[in-house]
Amino acid sequence: MKRLLWITLCACMTFCALAQKQQGIVRSIGRPGKPGAPVANVTIRWQGLFNAVISNANGQFIVTMPGKKNGDEIVLQSVSKNGYELRDKGVIGRPQVFSTTVPIEIVMVNLAQLQADKKRIEDKAYKVAEKNYNKKRKEFEKKVKKEKITAEQYRQELDRLQKQYEAYLSLIGDMADRYARTDYDQLDSIDYQINLCIENGELEKADSLIHTVFDPETVLERNRCAKEEIRQRIEFAQKVIDKANADKAAILRDLVYAERVVALSKNLATVYLSQGENQKAKDCLQKSLEIAIILHGVDSDEAKAIRQCIQDIQQ
């Protein structure tokens, strides 16, 4: 009997240990004709943990997070490796959802590759800009000679063209950096074409593709792999929130857990809003409001803030 109890206890301890492990992988960005590759020996630190973890030869890592449950928030503190930097530096400090089944993907940029790509894109962009400037200037000159526009109109058009040219040049550096960081492993076919046009200096063709097919503000956000990861994490978070709301007594028993659920609900609402799913965002906030009222009262600052967010969505 004692042996059976000991085996059962060991099994439970093993299960708990496994349930506290977050898996992940570190890889480089994909480039045209060159898929991303695992990045080894990357040092990864998480808030609240003393020890860092290091990615193996396959770019994989496992971090043990005592006390964490599926749906809890986890936050990256730092990611470092000589010669590399994060593709998205904003991931540091940004809450993520702990999951025992959905790995976290960290994407890095090789700095030498980044600088080479930026220079190539900048050089091509400058050439295209200069070519377009000279083309339009010659068109204005022809119109003056043919007396289609006056000398004053020519001067005004040339002044406007110069300002546009200078404004465009001022954007090239930022544009080159943005597209040099593009992860081609996570682009669908049309996004790939757009980015390839930009890399090749065919900015007018890229602009035409963007404006005729997609909203320019969201074209590069449509990412199949990222969307699938977001979908899975939303599913986990939604289950945690639904479970908490189904057991209001548990909220009173575990106030720390309840606070986490409120924060998770608000974070999930933000994700839904970013995807244009306003009703789901509203439902999430409504659930967090119910818990906040139990915790802090109907007229608490927390409850008022959540109500205001719900009102903002309805407007």
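The rules behind these values
Residues numbered from 1 in each chain as written. Predicted model: local features only at pLDDT ≥ 70, side-chain atom pairs only at ≥ 80, totals over all residues. Heavy atoms only, no water. Helix = DSSP H or I, 4+ residues; strand = E, 2+ residues; numbered from the N terminus. Buried < 20%, exposed > 50% of the residue type's maximum accessible area, 1.4 Å probe, protein only. Contact = heavy atoms within 4.5 Å. Areas by Shrake-Rupley, 256 points an atom, 1.4 Å probe, with all protein chains shown as cover. Patch = residues over 30% accessible without salt bridge, like charges linked within 9 Å, V, L, I, M, F, W, Y side chains within 5 Å. Salt bridge = Lys/Arg side-chain N within 4 Å of Asp/Glu carboxyl O. Lys, Arg positive; Asp, Glu negative; His and termini not counted. Charge placed at Lys NZ, Arg CZ, Asp CG, Glu CD. Axes fitted to C-alpha atoms, helices over the stretch in contact; angles between N-to-C directions. Parallel < 35°, antiparallel > 145°, perpendicular 65-115°, else oblique. Left-handed = near helix turned anticlockwise from the far one by under 90°. Nonpolar A, V, L, I, M, F, W, Y, C, P; charged D, E, K, R; others polar. Expected span 1.5 Å × (residues − 1). Bend = angle between axes of the 7 residues up to and from the residue. Pairing = 2+ DSSP bridges. Core = buried A, V, L, I, M, F, W, Y, C linked by side-chain atoms within 4.5 Å. Polar contact = N/O pair within 3.5 Å; in protein donor to acceptor, adjacent residues only side chain to side chain.

Chemist: Kindly report on the overall build of the chain, identifying the contributing residues and their values.
Modeler: When its secondary structure is counted, the chain shows ten helices and eight strands. For the chain, buried positions account for 35% of its 315 residues. Long-range pairs, those at least 24 residues apart, make up 66% of the contacts in the chain with a sequence separation of at least 6. Within the structure as shown, the chain displays about 18700 Å² of accessible surface, and the carbon and sulfur contribution to it stands at 54%.

Chemist: Summarise a positive patch on the surface; cite the residues concerned and give the values.
Modeler: Together, Lys-138, Lys-142, Lys-143, Lys-145, Lys-146 and Lys-148 line one region of the surface with positive charge. Mapping Lys-143 onto the fold places it in helix H2 (residues 111–145).

Chemist: Can you tell me about the packing of helix H9 (residues 278–296) against helix H10 (residues 301–314), naming the residues and giving the values?
Modeler: Packing of H9 against H10 leaves a shortest axis separation of 9 Å and a crossing angle of 165 degrees. On the basis of their axis angle, the class for H9 and H10 is roughly antiparallel. H9 and H10 meet at a crossing whose hand is left-handed. Contact residues: H9 offers Asn-278, Ala-281, Lys-282, Leu-285, Gln-286, Ser-288, Leu-289, Ala-292, Ile-293 and His-296, while H10 offers Glu-302, Ala-303, Ile-306, Arg-307, Cys-309, Ile-310, Ile-313 and Gln-314. Grouping the constituent residues of the contact of H9 with H10 by class yields ten nonpolar, five polar and three charged.

Chemist: Which residues make up helix H3 (residues 151–180), and what values do they have?
Modeler: Here H3 spans 42 Å end to end across 30 residues, near enough to the 44 Å set by a 1.5 Å rise per residue. By the largest-angle criterion, Ile-172 marks the main kink of H3, which is about 35 degrees. Along H3, the residues classified as buried are Tyr-154, Leu-161, Tyr-165, Ile-172, Met-175, Ala-176, Tyr-179 and Ala-180.

Chemist: So what's going on with the sheet that holds strand S4 (residues 60–64)? Residues and values would help.
Modeler: As summarised here, the arrangement of the four strands in space is S4-S1-S8-S6, forming an open sheet in which the pairing is mixed. With one partner strand each, in any of the chains shown, S4 and strand S6 (84–86) form the two edges of the open sheet. Across the sheet, the mean angle separating the axes of adjacent strands is 35 degrees when strand polarity is ignored. Across three bridges, the pairing between S6 and strand S8 (residues 104–110) is antiparallel.

Chemist: Break down the nonpolar core for me, citing the residues and quoting the values.
Modeler: Val-26, Ile-44, Trp-46, Val-79 and Ile-106 are the most contacted members of the largest nonpolar core, which totals 18 residues. For this core, the secondary-structure elements that each account for two or more residues are strand S2 (43–46), S4, strand S5 (73–80) and S8. When sequence neighbours within four positions are dropped, the list of residues in contact with Val-79 reads Val-42, Thr-43, Ile-44, Leu-86, Ile-92, Ile-106 and Met-108.

Chemist: Please give an account of the sheet that holds S2 that cites residues and values.
Modeler: Across the sheet, which stays open at both edges, the four strands sit in the order S3-S2-S5-S7 with antiparallel pairing between neighbours. This sheet does not close on itself; its edge strands, each paired only once, are strand S3 (53–54) and strand S7 (95–97). Sheet topology places S5 next to S7; three bridges connect them, and they run antiparallel. Bridging across to S7, Glu-73 finds its partner in Val-97.

Chemist: Tell me about the pairing of S8, and please be specific about residues and values.
Modeler: Two faces make up the sheet, and in a regular strand the side chains alternate between them. Extensive coverage of S8 is indicated by the burial of five of its seven residues. With five bridges joining them, strand S1 (residues 21–28) and S8 adopt parallel strand pairing. Pairing of Gly-24 across the sheet is with Ile-104, part of S8.

Chemist: Describe in detail the side chain of Glu-85, supporting the description with residues and values.
Modeler: Mapped onto the fold, Glu-85 is located in strand S6. Polar side-chain contacts of Glu-85 include one of 2.4 Å to the side chain of Arg-181. Residues within four places of Glu-85 in sequence aside, it is in contact with Met-108, Val-109, Leu-111, Leu-114 and Arg-181.

Chemist: Report on the pairing of S1, specifying residues and quantitative values.
Modeler: Here S1 runs beside S4; their pairing, made up of five bridges, is antiparallel. Bridge pairing links Lys-21 to Thr-64 in S4.

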